[in-house]
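# Architecture at a glance
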Amino acid sequence: MSAYPYDLHIHSCLSPCGDNDMTPNNIVGMAAISGLDVIAITDHNTCKNAPAVLKVAQEAGIVAIPGMELCTSEEAHVVCLFETLEGAMEFDRYIYDNMPHIKNKPEIFGEQRILNEDDELVGTLDDLLLVASYIGADEVKALCERYGGTAFPAHVDRDSYSVTAALGSIPPEGGYTFAEVTREADLDEVKKIYPELNGMGIVRDSDSHYLDTLATSVPHIIELPEKTVRAVLKMLSGT
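Residues numbered from 1 in each chain as written. Predicted model: local features only at pLDDT ≥ 70, side-chain atom pairs only at ≥ 80, totals over all residues. Heavy atoms only, no water.

## Digging into the packing of aromatic side chains
Worth spelling out the cut-off: Centres within 6.5 Å make a pair out of two Phe, Tyr or Trp rings, where for Trp the six-membered ring is used; the pair is then stacked when the planes are under 30 degrees apart, edge-to-face when over 60, and tilted otherwise. Only runs of H or I of at least four residues qualify as helices and only runs of E of at least two qualify as strands under DSSP, and these elements are numbered from the N terminus. For each residue, the accessible area found with a 1.4 Å probe, counting protein chains only, is set against the maximum for its type, and the residue is called buried under 20%, exposed over 50%, and partly exposed in between.
Applying the stated criterion to the full structure yields 3 aromatic pairs. An angle of 50° between the planes, with centres 6.1 Å apart, marks the rings of Tyr94 and Tyr147 as tilted. With Tyr94 in helix α3 (residues 85-97) and Tyr147 in the loop between α5 (140-146) and β7 (149-153), this pair connects stretches of sequence that are 53 residues apart. The class for Tyr94 is partly exposed, based on a relative accessible area of 26%. Each member of the aromatic cluster is reached from another via a ring pair, and the members are Phe82, Phe91, Tyr94 and Tyr147.

Given below as structure tokens:
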């Protein structure tokens, strides 16, 4: 086993609340400066900037995982990660078919920018991504597994847009083996509020929408037998 610095919750400029500086090359560059070995791109309800990020990361020697921060029907955020880009994009299409379609207002929510590996604008999404899907929090992990992935509840120490805020606890029927807390969370205090976390693995991620929050001088570490996407997903899925 070896230790690898990681951040499994990063937004690009495709997320309407993501800064336009969150381009594939800037994300990977800041990850490299911060000493990260493993990252995941997790835009709101979409995976469409994952192809570019994965290409840039491969050239930089960083393992990048295609993913999504799904907003459930309860307005709880769950991080979904996939072993392959193909699986992620199939999941992307499924989510598109299982979410409301409301036209984005870029002047209010921000432009939803799709970029290529050269950080060039190749398109925008017209449907607002800041919406709740039709998928319940207890369904997400099993659904991700159908597409070769896994999932964990996002930022459970926050009092908004978390499974804990929406439901009061992490639903056991969801089958989650890991949960995410923010980098600054006092884990002992969070576990006092949500004791179910004592039986779960914990990851700490940045949930970065800006480059300055992605940057870190003290990254968190995961122990893996090898630096691969498969090894990360096996750890997170409890297998």
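## A word on the side chain of His209
Definition in use: Under this definition, polar contacts are N or O atom pairs within 3.5 Å; protein pairs additionally need one hydrogen-donor-capable and one acceptor-capable atom, and for neighbouring residues in sequence, both atoms have to be side-chain atoms. In what follows, residue pairs with any heavy atoms lying within 4.5 Å of each other are defined as contacts.
For His209, the position within the fold is in the loop between β9 (201-205) and α8 (211-214). Judged by its relative accessible area of 14%, His209 falls in the buried class. Polar contacts involving the side chain of His209 include one to the side chain of His44, which spans 3.5 Å. At 3.0 Å, the side chain of His209 and the backbone oxygen of Asp207 are in polar contact. With sequence-adjacent residues up to four places away left out, His209 is seen in contact with His11, Cys17, Gly18, Asp19, Met22 and His44.

## Regarding the side chain of Asn116
With respect to the secondary-structure elements, Asn116 resides in the loop between β5 (113-115) and β6 (121-124). Of the residues examined, Asn116 reaches a relative accessible area of 17% and is grouped as buried. A polar contact is formed between the side chain of Asn116 and the side chain of Glu120, at a distance of 2.8 Å. Ignoring any residue separated from it by four or fewer positions in sequence, one finds Asn116 in contact with Pro24, Ala52 and Val122.

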